[in-house]
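Here's the letter readout for the chains.
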Amino acid sequence: MKKHYTQQPRRRRIGIAIGSSVGIVALVGTLAGCAPAVAEAPVASDASVAIGLRLEPTNLDIAHTSGIALDQVLIDNVYEGLLTRTDDGNVDDLIAESHTVSDDGLVYTFAIRDGIVFHDGSELTVDDVVWSLSQVKDDETFSAHPEFASVESIAADGSNVVITLTQPNSSLLWSIAGRAGIVFDEQATNDLETTSNGTGPFSLVEWKQGDSITLERNDDYWGDTALVGEVVFQYFTDSSAEVNAVLAGDLDIATGIDANLVTQLEGNDDYDIVAGKTTDKFTLAFNNAKAPFTDIRVRQAIRQAIDNDALIAAVNGAGYNISGPIPDGDPGYEDLTAVDAYDPEAAKALLAEAGVSDLKLDLTIASFYGTTLTDVLTTQLADVGITLTVKPVEFATWLEDVYTNHDYDLSIVDHAESRDFQNWANPDYYFGYDNADVQALFAESQTALTPEDAAAKLQEAAKLVASDAPAEWLLVTKSNTAVAKGVTGFPADFTSARLNITDLAVK
Amino acid sequence: MVRFVLTRLVLLVLGLGIASILIFLTLRVLPGDVAQVIAGTDSSPERVAAIRDALGLNQPLPIQYLDWIGSALRLDLGNSLITGTPVIDELVEKSEVTIPLGLVSLVLGILIGLPLGIFAAVRHAKASGAIVSGIAQTVAAVPIVWAGLLLILVFGITLGILPAQGFPRAGWDEPGRAFLSLVLPALTIAGIEGAVLLRFVRSAVLEAIGQDYVRTAAAKGLTQNQALLRHGLPNVALSVISVLGIQVAGVVVGTVVIEQLFNLPGVGRMLVTDVGNRDLPKIQSELLVLTGLVLFVGFVVDLVHRLIDPRQREQTHD
């Protein structure tokens with residue numbers, strides 16, 4: 001899994017150059033221009049790299065505490081799992097040297113790599129692996145616990161670990177490449193909430209709460225050692241503070257730059273602005289269990305009243321339209337933008353047909369998302385006769401009112417997790433969306449024996465969800481990362497979910 | 001004097017006691033809880049309940065309050081529910097940023113507000129005085145965030161002579177860099193608080209100029225300025241000290257905003273994060289300490305007032 005991060009943006013640039021080149025001279029020139037960069041191998045150094053991030057974890061306990069801010073910094077860098085995720089959506093062996101799946105999809109065998117040591121110096125054993133996985137299976141306070149619902153047993157077999165399932169689970173490898181597969185040291189007594197003891201290429205030196213997390217190269221790493229000596233993740237709660245830090249040259253890399261502030265960095269000679277993919281789905285959820293949303297015509301009317309392109313323009317083009325529950329990059333993705341596309345006249349007609357007039361709706365949104373989206377939505381819905389009252393609340397209040405008590409009309413939240421289709425198959429989820437066919441298709445995708453079959457079932461289910469209009473998918477964001485010239489090996493895509501810095505190097 | 005100090009002390013303790021109940025109850029009214037924050041958006045109600053149970057959030061409120069206040073009386077401020085770290089450790093660490101920031105802001109504010117306020121009053125009939133008070137009027141109305149952004153743009157980015165954001169990770173082990181980090185944030189708070197102070201000083205001095213004792217002193221041969229300096233200013237000092245007491249609270253509020261803008265790991269930023277996470281035991285102890293600080297400053301102001309006000313001093317001879 002080495003190197004591909006750096007290759008991707010470069011390839012894209014070459015592609016554009018070829019398309020626009022008139023003659024062969026230009027083509028040769030472009031390729032020649034790229035050649036030195038490709039040939040030059042990254043050099044290891046003791047450099048310290050400062051990386052700006054937006055969302056700080058609440059604590060460091062990746063076993064119990066939810067939130068991708070933890071996965072972003074700790075997985076692959078500090079903690080390692082049996083498997084890891086590649087940026088093209090596959091899984092790769094990591095602590096497992098290899099893995100096999102039985103033909104009936106019920107028995108997973110992982111051969112555990114030899115010679116791995118934890119940061120505290122103790123050796124990783126097969127027992128550590130069995131213990132770590134068993135905790136996920138048995139302890140319901142573990143955040144990954146539901147992902148092991150179909151696991152029957154976890155056992156050691158020589159240097160192998162064998163997981164046996166009660167029914168096939170097409171998501172199991174993906175889960176094991178996430179939190180569920182992290183291997184902890186059974187003997188360790190460190191405080192998980194503020195310290196860590198992993199096996200990754202970096203060890204955690206310091207977490208200065210409300211400020212920064214510092215990682216240091218693990219010189220005893222079992223694989224290729226990291227190419228920089230130290231990485232400091234600096235957290236910015238204020239979006240302009242992060243941009244100011246870039247402008248002042250305080251950061252080597254800044255992730256998650258506010259789309260409406262990115263123009264301040266254009267033309268800056270010291271940084272490249274890299275656009276990346278995300279799975280951040282800004283979802284305008286309807287309370288499907290409650291009137292007037294029990295009438296599909298009202299739901300469709302709201303979807304048709306919304307002009308996604310105008311929303312995307314309002315965030316400076318940092319997004320794309322999906323109009324369905326699955327983003328590009330996740331299995332089962334399909335362009336569903338034709339379903340309930342923008343058509344205000346049709347929306348008005350549907351509302352009239354449903355006998356709804358002078359509709360007044362509350363929109364509950366966590367205040368840190370700002371007002372750009374809600375301002376545009378208020379105007380767009382007013383055009384079809386719907387009066388929107390925006391209620392910005394703290395995220396904790398949103399969790400209580402919307403997520404737990406389902407007390408809302410409309411809600412906007414960024415569902416940032418990848419492969420989270422299960423929420424549409426869960427009638428108890430805050431969407432209140434209950435379609436037995438979708439649930440059946442999702443269950444079939446889960447028990448499918450091949451990834452292709454699983455994706456096909458998901459695609460079918462997603463199409464069904466989109467046609468039921470239980471929500472409007474406003475946009476999937478594109479991320480903006482500022483990378484200082486001379487810094488290589490930083491991932492461009494999915495940086496809010498995973499930030500693998502194994503290949504990070506400084507010239 | 002002893003009786004005066006004792007009464008004030010009793011009032012201080014009573015005030016803190018009432019504040020502790022208010023803080024405790026207000027926080028319980030906030031919707032959402034820490035278990036939901038930990039569990040996030042992909043968890044079942046069962047998991048939230050399990051976390052809530054593990055954290056001991058199901059205890060009755062009076063018991064939670066007594067536990068908290070009982071420990072606080074033994075100077076134990078409790079632990080964060082989310083990280084398990086002692087609140088006192090976090091407060092001490094964050095105070096390394098916030099206390100110097102607050103003090104420098106206050107001192108700078110006085111250095112700006114006091115002399116210029118006197119100047120504006122003495123020259124109130126002249127163009128220079130009018131210009132100074134006009135500028136103060138404008139600056140006092142500027143939103144603090146905007147003022148901060150402007151200073152960052154000019155000194156941090158365009159000129160590049162002062163840090164635009166952040167605090168060194170090594171803290172005061174890097175004294176030069178640490179101090180420089182606080183210059184722009186402190187200037188932002190001090191500029192606005194100083195302008196407010198300037199207007200107070202100006203009107204207090206103006207009032208003093210019109211007083212009989214200053215006129216009498218001038219009639220006995222002192223120049224206007226000498227009369228003001230000897231007899232007017234000690235009286236002005238009284239009202240300025242009262243205003244300073246209020247301004248301490250203003251500086252505390254200012255640091256909450258300014259620490260976000262300048263990305264400083266201080267008490268204000270920590271408080272905002274903790275409220276977002278609903279880490280109630282931590283927030284309530286932090287608020288108690290801050291309230292205690294503001295009440296204590298009020299107590300000191302009362303004492304100083306008593307000491308320098310001749311009218312109040314005489315009462316103590318009774």
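Because the structure is a prediction, the values reported are computed rather than measured. (Residues numbered from 1 in each chain as written. Chains lettered and ligands numbered in written order. Predicted model: local features only at pLDDT ≥ 70, side-chain atom pairs only at ≥ 80, totals over all residues.)

**Student:** Quick question: what am I supposed to make of the overall build of chain B here?
**Tutor:** Along the backbone of chain B there are 13 helices and zero strands. Along the chain direction, N to C, the helices and strands of chain B fall in the order α-α-α-α-α-α-α-α-α-α-α-α-α. For chain B, the C-alpha atoms occupy an extent of roughly 85 × 60 × 35 Å along the three principal directions. The buried share of chain B, reckoned over its 318 residues, is 36%. Sequence separation of 24 or more characterises 71% of the internal contacts of chain B that already satisfy a separation of 6 or more. (Helix = DSSP H or I, 4+ residues; strand = E, 2+ residues; numbered from the N terminus. Buried ≥ 20, exposed ≤ 12 C-beta atoms within 10 Å, placed from the backbone. Contact = placed C-beta atoms within 7 Å.)

**Student:** I tried to follow the overall build of chain A on my own but got confused; where do I start?
**Tutor:** Across its full length, chain A carries 13 helices and 21 strands. Here the C-alpha radius of gyration of chain A, 24 Å, is about what a compact globule of 507 residues would show, namely 23 Å. With respect to the three principal axes, the spread of C-alpha positions in chain A is 70 × 60 × 50 Å. Counting over 507 residues, chain A shows a buried share of 48%. Nonlocal contacts in chain A, meaning residues at least 24 apart in sequence, comprise 71% of its contacts between residues at least 6 apart. (Rg over C-alpha atoms; globule rule 2.2 N^0.38 Å.)

**Student:** What should I look at first to understand helix H12 (residues 280-308) of chain B in this one?
**Tutor:** Two residues of an α-helix separated by three or four positions point the same way, owing to the 3.6 residues in each turn. Residue and element names in this part refer to chain B. Spanning 29 residues, H12 covers 42 Å between terminal C-alpha atoms, matching the ideal 42 Å at 1.5 Å per step. Those residues of H12 not exposed but buried are Leu280, Pro281, Lys282, Ile283, Gln284, Ser285, Glu286, Leu287, Leu288 and Asp302. The elements touched by buried residues of H12 are helix H1 (2-29), helix H2 (34-39), helix H4 (61-73), helix H5 (87-122) and helix H11 (267-277). (Expected span 1.5 Å × (residues − 1).)

**Student:** Would you explain the confidence of the model for chain B in this entry?
**Tutor:** In low-pLDDT segments, the atomic positions of the prediction should not be examined closely. Taken over all residues, the pLDDT of chain B has a mean of 88, while the share at 70 or more is 98%. Our summary of model confidence lists the complex with pTM equal to 0.87 and ipTM equal to 0.86. (pLDDT = per-residue confidence, 0-100.)

**Student:** Can you help me understand the pairing of strand E4 (residues 96-101) of chain A in this one?
**Tutor:** Regular strands show a simple pattern: their side chains alternate between the two faces of the sheet. All names here are of chain A. As judged from the five bridges shared by E4 and strand E5 (residues 107-112), these two strands associate in the antiparallel manner. For Ser98, the partnering residue across the bridge sits in E5 and is Ala111. The turn linking E4 back onto E5 is made up of five residues, and Gly105 within it adopts a positive phi angle of 70°. (Pairing = 2+ DSSP bridges.)

**Student:** Just to check I follow, could you spell out the environment of Thr26 of chain B for this structure?
**Tutor:** Residues and elements named next belong to chain B. Looking at where Thr26 falls in the secondary structure, it is placed in helix H1. You can call Thr26 exposed: it has 12 C-beta atoms within 10 Å. Sequence spacing of Thr26 and Val183 is 157 residues, and the spatial spacing of their C-alpha atoms is 35 Å.

**Student:** What is the right way to read the sheet that holds strand E18 (residues 471-477) of chain A from this model?
**Tutor:** Strand pairing in a sheet relies on backbone hydrogen bonds. The paired strands run either parallel or antiparallel. All names here are of chain A. The strand order E14-E18-E13-E17-E15-E16 describes an open sheet built from six strands, whose pairing is mixed. The strands lining the two open edges of the sheet, one partner per strand, are strand E14 (319-320) and strand E16 (386-393). Direction of pairing for strand E15 (residues 359-366) relative to strand E17 (residues 410-415): parallel, over a ladder of three bridges. Directly across from Thr364, in E17, lies its bridge partner Ser411.

**Student:** For this particular structure, what's the right way to read the packing of helix H10 (residues 224-261) of chain B against H12 of chain B?
**Tutor:** When two helices pack together, their arrangement is given by the angle between their axes and by how far apart the axes lie. All names here are of chain B. Across the interface, H10 lies against H12 with an axial gap of 10 Å and an inter-helix angle of 175°. The angle between the axes of H10 and H12 places the two elements in the roughly antiparallel class. When H10 is examined against H12, the residues Ala237, Leu238, Ile241, Ser242, Gly245, Val248, Ala249 and Val252 are found in contact with a partner set consisting of Leu290, Val294, Val297, Gly298, Val301, Val304, His305 and Ile308. Looking at the contact of H10 with H12 residue by residue, the classes come out as 12 nonpolar, four polar and no charged. (Axes fitted to C-alpha atoms, helices over the stretch in contact; angles between N-to-C directions. Parallel < 35°, antiparallel > 145°, perpendicular 65-115°, else oblique. Nonpolar A, V, L, I, M, F, W, Y, C, P; charged D, E, K, R; others polar.)

**Student:** Would you mind showing me how to read the environment of Val231 of chain A here?
**Tutor:** Residues and elements named next belong to chain A. Take Val231: it is sitting in strand E10 (residues 230-235). For the pair formed by Val231 and Arg217, sequence separation is 14 residues and the distance between their alpha carbons is 8.2 Å. Val231 has contacts with Val49, Ile51, Phe202, Leu215 and Ile501, leaving out every residue within four places of it along the chain.

**Student:** I'm lost on the pairing of strand E7 (residues 160-165) of chain A in this one. Help?
**Tutor:** Residue and element names in this part refer to chain A. Judged by which residues are buried, E7 turns out to be one-sided: Val161, Ile163 and Leu165 face inward and are buried, whereas Asn160, Val162 and Thr164, on the alternate face, are not. Bridge count between E5 and E7: five bridges; the pairing is antiparallel. Of the residues in E7, the one forming a bridge with Thr109 is Val162. Relative to E7, strand E6 (residues 151-157) runs antiparallel, the two sharing six bridges. Bridge pairing in E7 places Asp157 opposite Asn160.

**Student:** Could you clarify how one ought to interpret the packing of H1 of chain B against H12 of chain B in this entry?
**Tutor:** Residues and elements named next belong to chain B. Two elements in contact, H1 and H12, have axes separated by 9 Å at closest approach and are oriented at 155°. Overall, the two elements H1 and H12 adopt an arrangement that is roughly antiparallel. The two elements H1 and H12 cross, and the hand of that crossing is right-handed. Residues belonging to the contact of H1 with H12 are distributed by class as follows: 16 nonpolar, five polar and three charged. (Left-handed = near helix turned anticlockwise from the far one by under 90°.)

**Student:** What's the story with the domain arrangement of chain A in this structure? I'm lost.
**Tutor:** When the parts of a complex come together, some accessible area is lost, and that lost area is often taken as the interface size. All names here are of chain A. In terms of domain boundaries, chain A breaks down into domain 1 (10-57 + 200-276 + 480-506), domain 2 (80-181) and domain 3 (281-477). Here the C-alpha centre of domain 3 lies 34 Å away from the C-alpha centre of domain 2. Counting residues at the interface gives eight residues for domain 2, matched by nine residues for domain 3. Considering only residue class, the side of domain 2 that touches domain 3 consists of two nonpolar, six polar and no charged. (Domains from an automatic or database assignment.)

**Student:** Help me understand the sheet that holds E7 of chain A in this model?
**Tutor:** Residues and elements named next belong to chain A. With antiparallel pairing, the four strands of this open sheet are ordered in space as E4-E5-E7-E6. Because the sheet does not close on itself, it has two edges, and the strands there are E4 and E6. Strand-to-strand twist across the sheet, computed as the mean angle between neighbouring axes with direction ignored, equals 15°.

**Student:** Would you take a moment to explain unusual backbone geometry for this structure?
**Tutor:** Most of the time, phi is negative for any residue but glycine, and the peptide bond is trans. All names here are of chain A. For the bond from Ala291 to Pro292, the omega torsion is 0°, close enough to zero to count as cis. Assignment of secondary structure puts Pro292 in the loop between strand E13 (281-286) and helix H7 (296-305). With phi around 65°, Asn316 is a residue other than glycine that occupies positive phi space. Mapping Asn316 onto the fold places it in the loop between helix H8 (308-314) and E14.

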